[in-house]
Structures are given as C-alpha cells and as structure tokens.
Amino acid sequence: MDNPYTLKTTFTVYEASAAIHGITRLHRDDTSLLQSTFNELVHAVKTKDLSANVPQKATGWRDGQAIGFRPDYSSATIARDDLLAWCESREIRPALLFPDLPTEKPLHDRERQTLLATIRALAELHSIKSASGAYRKEAESLLSALAGNGIQEPCNAKTLSNHLKEAFSAR
C-alpha cells in the first residue's frame, strides 16, 4: 500500500505532521521539516483551533500514586475529519490525506479547439453569426432559450459571451 494514511481514522500529532508533508517512511533528514508542522498542530490543539483527544500526563509521583496532572499535547490524537477540516481552513490539501481528489488535467490544444468548434456550431444552429466581437445579447438569448426548454444554464451570460467570442475568432 502506497498510502498508509488512507484507512486511518485517528492520527497522532506526529502522524498528522508526516501526512501533511507527504512522508510515509521517516528518514532522519525529515525531522526538522516535520518539527515546524508538529509545533503548529500542537499549538492549534492548545488553542482549540483543532479538536483533539489530549491525554493527561502525571507531573509527579508519591507512594506509587500520581500527584498532579497536566495535558500532554504532543501525545494528542486527532480525528481524520478534524484534521481534514483544519487543513482545508488553511487551504492546504495534502495528497496523502485527500487521496480521492480528482486530478484535473489541462485541455490539450486539439481538445480546446474541438470544444470551441462545438460552441461555434451550436451558436450557428441558433442563428448566431460571427459579429464584431460583442456577443452579450446573443449569449443572453441563448441562455434564455435553454431555460425555456428546461435546460440548466452551463454558465452566466458574460462567460458564454467570452466563449462565443473565442469560438468565432478561433477559425
């Protein structure tokens, strides 16, 4: 399995740091890289920006009994959903935590030209011809015709007019 984090439902702070950085096998050179993220996660747990289960650590012992406790933030565990929400709030989407993300590939020039030719052909089907370059009224008319046939608008009039302009100039 390439991604050991796929099935995890809870993460230690250390595992969360490694997953954020795309590390599945720790190497000693990775330690300094992880430390900053580890510290950021611990801080987020302390300030309650990130929900976590924080165990208590004994501060001292007397007669075999713990006397006093303090939170052990570095041993906290974080639920997957909370970690994902924290990452998204920072606009980061690590691939090991978000493996199901569709990867959008850019259109090849041939695909782009085919789509523009299709837009042009559909426009011509609705009696829209090559004009001076301003297609706002034509776009509004086309969107109105779609709505009249119960077809959801694919975009707004401004966007469609830009596509029409490009489609007619791509000839």
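Residues numbered from 1 in each chain as written. Predicted model: local features only at pLDDT ≥ 70, side-chain atom pairs only at ≥ 80, totals over all residues. Heavy atoms only, no water.

Novice: Tell me about the overall build of the protein, and name the residues and values.
Specialist: Helices and strands together make up the secondary structure of the protein, namely six helices and six strands. Along the protein, helices and strands appear, N-terminal first, in the series β-α-α-β-β-β-β-β-α-α-α-α. Expected size for 171 residues packed as a compact globule is a radius of gyration near 16 Å; at 28 Å, the protein overshoots this value by more than 25%. When its C-alpha atoms are laid out on the principal axes, the protein stretches across 95 × 35 × 25 Å. Buried positions account for 27% of the 171 residues belonging to the protein. Averaging the locations of the 21 positively and 21 negatively charged side chains of the protein gives two centres separated by 3 Å. (Helix = DSSP H or I, 4+ residues; strand = E, 2+ residues; numbered from the N terminus. Rg over C-alpha atoms; globule rule 2.2 N^0.38 Å. Buried < 20%, exposed > 50% of the residue type's maximum accessible area, 1.4 Å probe, protein only. Lys, Arg positive; Asp, Glu negative; His and termini not counted. Charge placed at Lys NZ, Arg CZ, Asp CG, Glu CD.)

Novice: Explain helix H1 (residues 13–20) to me, and be specific about the residues and the numbers.
Specialist: Extensive coverage of H1 is indicated by the burial of six of its eight residues. Each element contacted by the buried residues of H1 is listed here: strand E1 (10–12), helix H2 (31–46), strand E6 (77–79) and helix H3 (80–89). Taken from the residues just after H1, Gly-22 is the one with a positive phi, measuring 75°. (Contact = heavy atoms within 4.5 Å.)

Novice: Describe the confidence of the model for the protein, with residues and values.
Specialist: When pLDDT is averaged across the protein, the result is 87; 95% of the residues are at 70 or more. Within the protein, E6 carries the highest mean pLDDT (95), whereas strand E4 (residues 65–66) carries the lowest (86). (pLDDT = per-residue confidence, 0-100.)

Novice: If you had to explain the side chain of Ser-17 to someone new, which residues and values would you point to?
Specialist: Note that Ser-17 resides in helix H1. Setting aside residues no more than four positions away along its own chain, Ser-17 makes contact with Leu-34, Thr-37, Phe-38 and Leu-41.

Novice: Which residues make up the pattern of salt bridges, and what are the values?
Specialist: Applying the stated criterion to the full structure yields five salt bridges. In this structure, the salt-bridge partner of Glu-166 is Arg-112, at a minimum N-O distance of 2.3 Å. Separated by 54 residues along the polypeptide, Glu-166 in helix H6 (residues 157–169) and Arg-112 in helix H4 (residues 109–125) bring together distant segments of the chain. (Salt bridge = Lys/Arg side-chain N within 4 Å of Asp/Glu carboxyl O.)

Novice: Describe the packing of H4 against H6, with residues and values.
Specialist: Look at H4 against H6: their axes get within 8 Å of each other, and the N-to-C directions meet at 105°. In terms of their interaxial angle, H4 and H6 are classed as roughly perpendicular. Judged by residue contacts, Arg-112, Leu-116, Ile-119, Arg-120, Ala-123 and Glu-124 of H4 engage His-163, Leu-164, Glu-166, Ala-167 and Phe-168 from H6. Across the contact of H4 with H6, the residue classes break down as six nonpolar, one polar and four charged. (Axes fitted to C-alpha atoms, helices over the stretch in contact; angles between N-to-C directions. Parallel < 35°, antiparallel > 145°, perpendicular 65-115°, else oblique. Nonpolar A, V, L, I, M, F, W, Y, C, P; charged D, E, K, R; others polar.)

Novice: Which residues make up H4, and what are the values?
Specialist: A rise of 1.5 Å per residue sets the reference length of H4, with its 17 residues, at 24 Å; its end C-alpha atoms lie 24 Å apart and thus fit the reference within 8%. Within the sequence span of H4, burial applies to Leu-116, Arg-120 and Ala-123. Relative to the axis of H4, the buried residues are bounded by an arc of 60° and lie together on one face. Relative to its buried face, H4 has exposed residues pointing more than 90 degrees away, namely Arg-110 and Leu-125. Looking at the buried residues of H4, the elements they touch are H6. With its phi angle positive at about 65°, Ser-127 sits one or two positions after the end of H4. (Expected span 1.5 Å × (residues − 1). Arc of directions from axis to C-beta.)

Novice: Pulling in residues and values, what's your account of unusual backbone geometry?
Specialist: One non-glycine residue, Glu-91, lies in positive phi territory at about 55°. For Glu-91, the position within the fold is in the loop between H3 and H4.

Novice: Describe the nonpolar core, with residues and values.
Specialist: One finds Leu-41, Leu-83, Trp-86 and Leu-97 to be the most contacted residues of the largest nonpolar core, which totals 24 residues. A total of six residues in this core trace back to one element, the largest contributor, which is H2. Contacts of Leu-41, omitting those with residues within four sequence positions, involve Val-13, Ala-16, Ser-17, Ile-20, Leu-50, Leu-83 and Trp-86. If you look at the next biggest cluster of nonpolar residues, it comprises eleven residues, including Ala-123, Leu-142, Leu-143 and Leu-164. (Core = buried A, V, L, I, M, F, W, Y, C linked by side-chain atoms within 4.5 Å.)

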